[in-house]
Amino acid sequence: METTMDENKLKRDFNWKTLLMFAAPSMLLNLWLGLYQLVNSAISSSLINTDALASIDICYPILAMEEGLAAMLGAGICAVAGKKLGEGKTKEAQSDLTSVLLFGVILTAVYLAAVFVYKVPVLRMLGATDKLMPYCLKYVNVHVFFGIFYMIQMVFQLVLIVAGKPGLGCALTVAAGVVEIATAYLFIGVFHFGIVGSALGAGCGMLVSAVGSIIVMCNPKQELHFGKPHLHVLDIAKTCWLGVADLIQSASLGVVTALYNIVSIKYFGEDGCAAITILLYSQWLFASSLYGYAKGVSPVISYNLGEKRFDKIKKYLKISSVTIVAFSVLIFAAACLLANPVISLYTEPGTTVYNMTSKVFWIFSLNYLLYGAGTMVTAIFTALNDGVRATILATLRTIVFPIVILLVLPMLIGGFTIWITLPLGELLSVILAGILLWTDRKNLKIGLGME
């Protein structure tokens, strides 16, 4: 090793229990993210109105692009740094981390400037009606000042796992969520700032998490911390390429959300937009732990790839397959049982939005049975530095399948088909994931039990 540090936790020999415990902070982190997004959006809906809720969802694609950029950089640097730590190249990993973060700050700043200048045509394109546009403009005007902190927050949610500090990452996210909920309630419920208060509350949470993460990564006593940046174009390009699948997976949610809003308004009006918003926010809650497990385990795979321990990789993938299936079934059951309480957070029983959402909640929730498999396979390919297959799966799964289904089925059968878009898309994705794993089983050198 280039430095004398404590042994990285990624090096240990995991079994089912210890691997789950290692991934648990990432799972809890993402579960908390989903929970506080649910509560924060519910505060906006209940204390303002469902039009404010629909407006926040219309603005979400703008945030989704920031999430995508952060996911690309975070997943890419996790794959690169995790492999280099396994190879003993600690200094290089530290330098790569700092370079990627600086690049991310610059990239996000340019993006936010463009959003601020062209916000009106962008919001029109995303589906904002004359009734919703004033809400949307107020929300975007506040968010652009916090966008860079949002990117930093999202990057370090992943990086802290590779640094062997998943617990700290979870704690920072919990703190950010508490701050966001408290300040959102204060700004909306006490000071009556309306949707501006919702945006300010979200921004305060982003600020807390970003600053806290930077402080943690300045500690020179841990193996992975900030080092001297090198800003080599090829190295940054490689990092971005390895994270392209995560960029697509995150940013595509914004594209699909925008299309959902446009189609739902076309067939069901603003109430339909509010209903799909509730379903999409509930997905953040119920599917978040599956995403968290995949992201929690992938650095372990990258580290063992660097050490060329293919026997361990094979073992961990088999364990993860069983875990994902079991959690998927439990999450689907939980979604069906908690449907009415979740909907009640946003709107009162008996309203048009409540009745519309409750009728289709279980249909939409079918996607939780399949979501984990597609997410896990995408994370596996990224962790194994196979950007091609990860990108193919992410592109078709999160962009092509949902968009084609949303554009075609409503015209052929009717508007009600928008509720089955994600379950059907995930089914096609699981089939594609199986094909990609089968065709690459020998190149992975780990068999996956198929050779």
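Some details on the overall build of the chain
Counting its secondary structure elements, the chain contains 16 helices and zero strands. For the chain, whose C-alpha radius of gyration is 21 Å, the value lies close to the compact-globule estimate of 22 Å for 451 residues. When its C-alpha atoms are laid out on the principal axes, the chain stretches across 60 × 45 × 35 Å. Within the chain, the fraction of its 451 residues that count as buried is 61%. The long-range fraction of contacts in the chain, counting pairs at least 24 apart against all pairs at least 6 apart in sequence, stands at 83%.

Section: helix 13 (residues 352-364)
With 13 residues, helix 13 should reach 18 Å at 1.5 Å per residue; the first-to-last C-alpha distance of 18 Å fits that figure. At Ser 358, helix 13 shows its maximal bend, which comes to roughly 30 degrees. Inspection of helix 13 places Val 353, Tyr 354, Met 356, Thr 357, Val 360, Phe 361 and Phe 364 among the buried residues, and these make up the whole buried set. Of the surrounding elements, those touching the buried residues of helix 13 are helix 10 (244-306), helix 11 (310-337), helix 12 (339-346), helix 14 (368-383) and helix 16 (421-439).

A look at the packing of helix 2 (residues 50-87) against helix 6 (residues 147-162)
Helix 6 packs onto helix 2 with a crossing angle of 30 degrees between their chain directions and a minimal axis gap of 8 Å. It follows from the interaxial angle that helix 2 and helix 6 lie roughly parallel. Both helix 2 and helix 6 take part in a crossing whose hand is right-handed. Partitioned by chemical class, the residues of the contact of helix 2 with helix 6 number 16 nonpolar, three polar and two charged.

Section: a nonpolar patch on the surface
On the surface, Val 400, Val 404, Leu 407, Val 408, Leu 412, Ile 413 and Phe 416 cluster together to form a nonpolar patch covering roughly 640 Å² of accessible area. Secondary-structure assignment places Val 404 in helix 15 (residues 387-412).

Some words on the layout of surface pockets
The calculated volume of the second largest pocket comes to roughly 260 Å³. Looking at the second largest pocket, it is lined by 14 residues, and the ones nearest its centre are Pro 61, Tyr 111, Val 122, Met 125 and Leu 126. Put simply, the parts of the chain that give the lining of the second largest pocket at least two residues each are helix 2, helix 3 (90-117), helix 4 (119-125) and helix 10. Ranked by residues supplied to the lining of the second largest pocket, first place goes to helix 10 with four residues. Per-class residue counts for the lining of the second largest pocket are 13 nonpolar, one polar and no charged.

Considerations on the state of the cysteines
Throughout the structure, instances matching the rule amount to zero disulfides. Left without a disulfide partner, Cys 136 is nearest to the cysteine sulfur of Cys 59, which lies 4.1 Å away. Free cysteine: Cys 204, not disulfide-bonded; nearest cysteine sulfur from Cys 59 at 18 Å.

The rules behind each value
Residues numbered from 1 in each chain as written. Predicted model: local features only at pLDDT ≥ 70, side-chain atom pairs only at ≥ 80, totals over all residues. Heavy atoms only, no water. Helix = DSSP H or I, 4+ residues; strand = E, 2+ residues; numbered from the N terminus. Rg over C-alpha atoms; globule rule 2.2 N^0.38 Å. Buried < 20%, exposed > 50% of the residue type's maximum accessible area, 1.4 Å probe, protein only. Contact = heavy atoms within 4.5 Å. Expected span 1.5 Å × (residues − 1). Bend = angle between axes of the 7 residues up to and from the residue. Axes fitted to C-alpha atoms, helices over the stretch in contact; angles between N-to-C directions. Parallel < 35°, antiparallel > 145°, perpendicular 65-115°, else oblique. Left-handed = near helix turned anticlockwise from the far one by under 90°. Nonpolar A, V, L, I, M, F, W, Y, C, P; charged D, E, K, R; others polar. Patch = residues over 30% accessible without salt bridge, like charges linked within 9 Å, V, L, I, M, F, W, Y side chains within 5 Å. Areas by Shrake-Rupley, 256 points an atom, 1.4 Å probe, with all protein chains shown as cover. Salt bridge = Lys/Arg side-chain N within 4 Å of Asp/Glu carboxyl O. 1 Å grid on protein atoms, 1.4 Å probe; cavity = no way out; pocket = protein on both sides within 12 Å on 5 of 7 lines; lining within 4 Å. Points joined across faces, edges and corners; volume = space filled by probe spheres on them. Disulfide = S-S within 2.5 Å.

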